[in-house]
Amino acid sequence: MAIVFIGHLSKDINVFKDREQIIPGGGVYYGAFVAKSFFPEVLVYTKLNDVDRELFRDMEDYGIDVIYLPSRTTTTIKNIYPTDNPDDRMSRMIERAEPFMEEEINKVGYANIIHISGLSNGEIPERFIEELRKKAEVLGLDAQGFLRNVDSEGNMVYRDWEYKEKYLPLIDVFKVDSRESEILTGIKDLNSALKKIAEWGPREILLTYRDGIILWTKGRTFEEKFGGWTLEGRTGRGDTCMAGYLVHRHLGYESALKKTAEIATEKMKSPGPYKRKG
């Protein structure tokens, strides 16, 4: 059984009050480590400048197959956390890798699970969702890659997704956080926002927020809370949750969500991706 992640890797510059760290990141980075901890075959399709490949060497060391597609630039993002609330984050794009091209998407083969995990709008053009739908038994999509935009000064700004009603019916598992769900729907209450998103057609919706995860499916909701976490461990929380759920959803909704919360809690104890012990 194979799981494929598609999206840019990122050089993350994280600023926590008066502390700064530079670490490898990106949705495909955090998600692939979770998947490899439970799946034998994990592939990542990404784009970066070859000079930055060494920063992500730990992916290959962990047994993840990484297909590096050429780009003159590597996505680099500065994340500022001004408070102890991990959802209170300001992001700025320092540099962005080139968008995926049709010939590159055509290289992706059939897989049991394909997860579209972009970092900003335009990275993976919407028209490719239809092609990837044909290649996947289960298709996942992270809202971030279509709601998060980059303005002329590099600031990361969130805007509603114009094509959500066209493409969400093609998605099996749609991932959002509390901020994204409000931007998509205009509704602050999480459960009400989930019901609204469900009207647009995704079969399952996974929503992360400060204290835990909510899953909507077939008109029902399930919820699990996180345990303790550190602010430094917050980066990659949502990507970890999505991958954890995708690789455990065969267990059933409640069991999969509980396992996902356990994985995310363990990951958030420290910086870096989740790695299974033992």
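Scroll up for the structure.
Owing to the predicted nature of the structure, the values given are computational and were not obtained by experimental measurement.

Visitor: What should I look at first to understand helix α7 (residues 178–185) in this one?
Guide: Within α7 the residues assigned to the buried category are Glu180, Ser181, Leu184 and Thr185. On an axial view of α7, the arc spanned by its buried residues comes to 115°, and they lie on one face. The opening residue of α7 is aspartate 177, an N-cap whose side-chain oxygen sits 3.1 Å from the backbone nitrogen of arginine 179. Just past α7, the residue glycine 186 takes up positive phi, approximately 80°.

Visitor: What exactly am I supposed to notice about the packing of helix α1 (residues 27–38) against helix α9 (residues 237–248) here?
Guide: Any two packed helices are characterised by how steeply their axes cross, that is the angle between the axes, and by the distance between the axes. Between α1 and α9, the shortest axis-to-axis distance is 8 Å and the interhelical angle comes to 35°. In this structure, α1 meets α9 at a crossing whose hand is right-handed. Residues Gly27, Tyr30, Gly31, Val34, Ala35 and Phe38 of α1 lie in contact with α9, whose contacting residues are Asp239, Thr240, Ala243, Gly244, Val247 and His248. The class makeup of the residues in the contact of α1 with α9 is six nonpolar, five polar and one charged.

Visitor: How do you make sense of the nonpolar core when you look at a structure like this?
Guide: One broad trend across soluble globular proteins is that nonpolar side chains are buried collectively. One finds Phe5 and Met59 to be the most contacted residues of the largest nonpolar core, which totals 41 residues. Listing elements by their share of this core, those giving two or more residues are β1 (2–6), α1, β4 (41–48), β5 (65–70), β14 (212–217), α9 and α10 (253–267). At seven residues, the largest contribution of residues to this core is made by α1. Here methionine 59 is in contact with Leu9, Val28, Tyr29, Ala32, Phe33, Val44, Ile64 and Val66, once residues within four sequence places are set aside.

Reading the values: rules and limits
Residues numbered from 1 in each chain as written. Predicted model: local features only at pLDDT ≥ 70, side-chain atom pairs only at ≥ 80, totals over all residues. Heavy atoms only, no water. Buried < 20%, exposed > 50% of the residue type's maximum accessible area, 1.4 Å probe, protein only. Helix = DSSP H or I, 4+ residues; strand = E, 2+ residues; numbered from the N terminus. Arc of directions from axis to C-beta. Polar contact = N/O pair within 3.5 Å; in protein donor to acceptor, adjacent residues only side chain to side chain. Axes fitted to C-alpha atoms, helices over the stretch in contact; angles between N-to-C directions. Left-handed = near helix turned anticlockwise from the far one by under 90°. Contact = heavy atoms within 4.5 Å. Nonpolar A, V, L, I, M, F, W, Y, C, P; charged D, E, K, R; others polar. Core = buried A, V, L, I, M, F, W, Y, C linked by side-chain atoms within 4.5 Å.

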